[in-house]
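If you want the building blocks of each chain, they are given just below.
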Amino acid sequence: MALNANEIALLGQPAIDAIEYGHQRVDYAPSEARKIGKYTIVALILNRIIGSGIFLTPHRVLAGTGCVGGALFLWVVGALLSLCGLYVWLECGLSMPQRKISGETEPRGVPRSGGEKNFLEFMFPNTNLRLPHIRTTCSFSIMFILLYNLSGNAISFGLQVMTASGIYDPASGETPDRATAVGIAIGALTFVVLLHMFSRRGGILVNNAFAIIKVSLLLAIICLGIAKAAGRFPNSPGDDSNAEVIRKNFREGVWSTQRSDASSWSNSLMLCMYSFSGFEQPFYILAETKSPRRHFPKYTVIAMMIAIVLFVAVNISYLLVVDKDLILDDETYKNDLASLFFTHLFQGDNQQATQAMAALIALSIFGNLVVMTFTAARVKQEIAKEGILPWSLFFATSYTTPYGLLKKWMSHRQLADHEVEEAPTAAFIMHWCTSVLLILVTIPVTDPRYAYSALVSLYSYTIVGLLGFWVSGGLLLIKLQRSKFHWQDRRRYRPWLSPAHPILYFLASAFMLIAAFIPPTTGSPFHHTITGFQWYIIPAIGISAPLWGVVYYWGLLIYEWKIGKQLDVTRQAYWAQDPDCPGEYVQRAEIIDHTWLITARGDNMSDGFAEPTAALDEELARRGGDNFGMRERREPAAGKYDNDDDSIFGGATGGRNPQVRRLSDGF
């Protein structure tokens, strides 16, 4: 079907000379040559999943279940549930948000960066909501900005570096120096942020390299465990024979356990799912990937299956070498399976084995920091585009990287703006600040090992459990509301598991969220004598996290009412046909407009803002345009446009032909 004039215009690039930088920004997707390919999609997932979890959680899962059979069973269950989560993200990511294309009767999904932000705004739209209703955008955004980082892993990185360098010996029973661990953690976060700020391509190459290194490391552990079981390594003096270890672990009391409390089992399952978390990484940068509809269903599943096979095999490999009683009889739970594996694998100094393992874990954690910083900053940039943050346009803007400036200077021709490498530099700064803030909050905890445990538990409860419950529940909701969403006709991807994948993921997430409030019994690895904090603290903080954004939203409405203005946020997308997948579209660029409107002072906020005047309504109609029927117009405040560049929340006068959406009234 031939394109009409409006489609041809939208399929082009926005006119830079029409951008009014006092209140507008243009954000380009990378050119086809610089977009992320299928290998990087796999590497993003593997580099994120293979972190500290597979090294530092297996002993706690084994101790939490009290038996080898239960531990391996939970690893398999956690893997299958995480695979269901991936299918939930695939169905949502390739179908949300939706835009109507001329010539088609139903809106279609056009992938956009942002991940769960886009999913939740589509499932729980902000349209026609007034106080005291929850505002989805703020509710998700504040929780994500504050908690979506690897502060816990950064502290663990500091501890592993201290162990590898001989500064700290875990076997000594001493408390590691808090200041040193925090200093190394902040230094690592700073280095990673500077890496991504310097070069987008450089950050991607480092990520891909770490994925190869980590997979190779896990394959080596699997091969070494099999070789040990086959008798290729001599036993250390005083150790049981390898055949005896295998018999005790896999033949005697495989399912015999004293752990009958639900809290220990649910927390163990949460740790397994935390270890598999990471499949969502490519969905945060959908606008920067090649042909998402073609590549994502295949290569995200391949990456997840590789991680599942490796993790289950590594756990078996650990238990081929390490006697389970070394974990189950350890009342302090300070001996992790990874370190014990290397200690029993070779004869010689146990201290050297411990240091070598710590160096490998530190390397793996550093790769985690690289990949998560790259993707998290993109989501925080998308949040800033909604105008809900102070200096939103500053954080919403992509800036040319130093590497991009160098290539532009060395180029033999004049490069256009969209041909030069850019990165969300300001969003990286925001990510660094929130990551360091979370580390500093834990400084009163004298033992950094407890700080690591607390931050990992908080991340698991909110980002893994709570967001999983929220997104899967929302997907079930739109599947049930057929007359409203027409989901069966509009979704761009239909998983073969449907509708089992959202049901299973929703039920599992709900179980873990509720079971976290059950107190663990004495002797459990999740008891406060082991973790360093009371069992109810993390669930209480986690369950309240979405409410932080609601309070923040109310504060922004009060601010609008006080200054007598309302912030109008518009986002106009330009998209193009996917060259590698006929019939699909990809985003090419976007114009963001933050415009303040004068309101009548003294309005009753609970009743909404005043109706627009005829003059303003005419002006908004001139600005709006149809944009394929997807223009959703809000009810602006009465008054006129006001240029107020000094305001911390945005810019000034109206833009040209914006796509007006109701995402967050006022901010």
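Residues numbered from 1 in each chain as written. Predicted model: local features only at pLDDT ≥ 70, side-chain atom pairs only at ≥ 80, totals over all residues. Heavy atoms only, no water.

By the naming in an unreviewed UniProt entry, the protein chain is Amino acid permease/ SLC12A domain-containing protein, taken from Cyphellophora europaea. Annotation of the protein chain in UniProt includes, under Subcellular location (unreviewed entry), the sentence "Membrane". (UniProt positions renumbered as here; feature names shortened; annotations may be inferred.)

**Q** Can you walk me through the overall build of the protein chain in this structure?
**A** Looking only at helices and strands, the protein chain features 26 helices and 7 strands. Looking at the protein chain as a whole, 60% of its 667 residues qualify as buried. Taking contacts inside the protein chain between residues at least 6 apart in sequence as the whole, the part at least 24 apart equals 82%. For the protein chain, the exposed area adds up to about 25400 Å²; of that, 62% sits on carbon and sulfur atoms. (Helix = DSSP H or I, 4+ residues; strand = E, 2+ residues; numbered from the N terminus. Buried < 20%, exposed > 50% of the residue type's maximum accessible area, 1.4 Å probe, protein only. Contact = heavy atoms within 4.5 Å. Areas by Shrake-Rupley, 256 points an atom, 1.4 Å probe, with all protein chains shown as cover.)

**Q** Mind showing me how you'd approach the nonpolar core here?
**A** The nonpolar side chains of a soluble globular protein tend to be buried, and buried together. By size, the foremost hydrophobic cluster in this structure holds 154 residues, and its most contacted members are Phe55, Leu90, Leu218, Ile221 and Phe311. Broken down by element, this core gets its largest block of residues, 16 residues, from helix 20 (residues 448-480). When near neighbours in sequence (up to four residues on either side) are disregarded, phenylalanine 55 contacts Leu217, Leu218, Ile221, Tyr318, Asp336, Ala338, Met357, Ile361 and Ser364. (Core = buried A, V, L, I, M, F, W, Y, C linked by side-chain atoms within 4.5 Å.)

**Q** What is the right way to read the sheet that holds strand 7 (residues 585-598) from this model?
**A** Read from one edge of the open sheet, 3 strands run 1-7-6, paired in antiparallel fashion. Among the strands making up the open sheet, the edge pair consists of strand 1 (24-28) and strand 6 (565-577). When strand polarity is set aside, the average angle formed by the axes of neighbouring strands in this sheet is 15 degrees. Relative to strand 7, strand 1 runs antiparallel, the two sharing 5 bridges. (Pairing = 2+ DSSP bridges. Axes fitted to C-alpha atoms, helices over the stretch in contact; angles between N-to-C directions.)

**Q** How should I be thinking about helix 12 (residues 262-276) in this particular structure?
**A** In an α-helix, one turn spans 3.6 residues; hence positions three or four apart end up facing the same way. With 15 residues, helix 12 should cover 21 Å at 1.5 Å per step; its first-to-last C-alpha distance of 21 Å lies within 8% of that length. Most of helix 12 is tucked away: 12 of the 15 residues are buried. The set of residues buried in helix 12 consists of Ser263, Ser264, Ser266, Ser268, Leu269, Met270, Leu271, Cys272, Met273, Tyr274, Ser275 and Phe276. A positive backbone phi angle near 140 degrees is found at glycine 278, which sits one or two residues after helix 12. (Expected span 1.5 Å × (residues − 1).)

**Q** What am I meant to see in helix 25 (residues 537-563) here?
**A** Between the first and last C-alpha of helix 25 there are 38 Å, a value that for 27 residues agrees with the 39 Å anticipated at 1.5 Å per step. A maximum bend of about 45 degrees is found in helix 25 at alanine 545, where proline proline 546 lies one to four positions downstream. Along helix 25, the residues classified as buried are Ile538, Pro539, Gly542, Ala545, Pro546, Gly549, Val550, Tyr553, Leu556, Leu557 and Glu560. Those residues of helix 25 hidden inside the fold are in contact with helix 7 (136-147), helix 20, strand 6 and strand 7. (Bend = angle between axes of the 7 residues up to and from the residue.)

**Q** Explain the packing of aromatic side chains here, please?
**A** In this description, an aromatic ring pair is defined by two values, namely the gap between the centres and the angle between the planes. Applying the stated criterion across every chain yields a total of 25 aromatic pairs. Ring centres of tyrosine 148 and tyrosine 459 lie 5.9 Å apart, and the angle between their planes is 45 degrees; on these two criteria the pair is classed as tilted. Linking tyrosine 148 in the loop between helix 7 and helix 8 (151-164) with tyrosine 459 in helix 20, this pair joins segments that are 311 residues apart in sequence. Accessibility assignment for this pair places tyrosine 148 and tyrosine 459 in one class, buried. (Phe/Tyr/Trp six-rings, centres within 6.5 Å; stacked < 30°, edge-to-face > 60°.)

**Q** For this particular structure, what's the right way to read the packing of helix 5 (residues 68-93) against helix 6 (residues 116-123)?
**A** One can describe the packing of helix 5 onto helix 6 by two numbers: an axis separation of 10 Å at closest approach and a directional angle of 70 degrees. Taken together, the axis directions place helix 5 and helix 6 in an arrangement best described as roughly perpendicular. The handedness of the crossing between helix 5 and helix 6 comes out as left-handed. Contacts from Trp89, Cys92 and Gly93 in helix 5 reach Glu116, Phe119 and Met123 in helix 6. (Parallel < 35°, antiparallel > 145°, perpendicular 65-115°, else oblique. Left-handed = near helix turned anticlockwise from the far one by under 90°.)

**Q** Looking at this structure, I do not really get the packing of helix 9 (residues 178-198) against helix 19 (residues 425-441). What am I missing?
**A** When two helices pack together, their arrangement is given by the angle between the helix axes and by the axis-to-axis distance. At a closest axis distance of 10 Å, the pairing of helix 9 and helix 19 adopts a crossing angle of 170 degrees. For the element pair helix 9 / helix 19, the angle class is roughly antiparallel. In contact with Val182, Ala185, Ile186, Leu189, Thr190, Val193, His196 and Met197 of helix 9, helix 19 contributes Thr425, Phe428, Ile429, Trp432, Ser435, Val436, Ile439 and Leu440.

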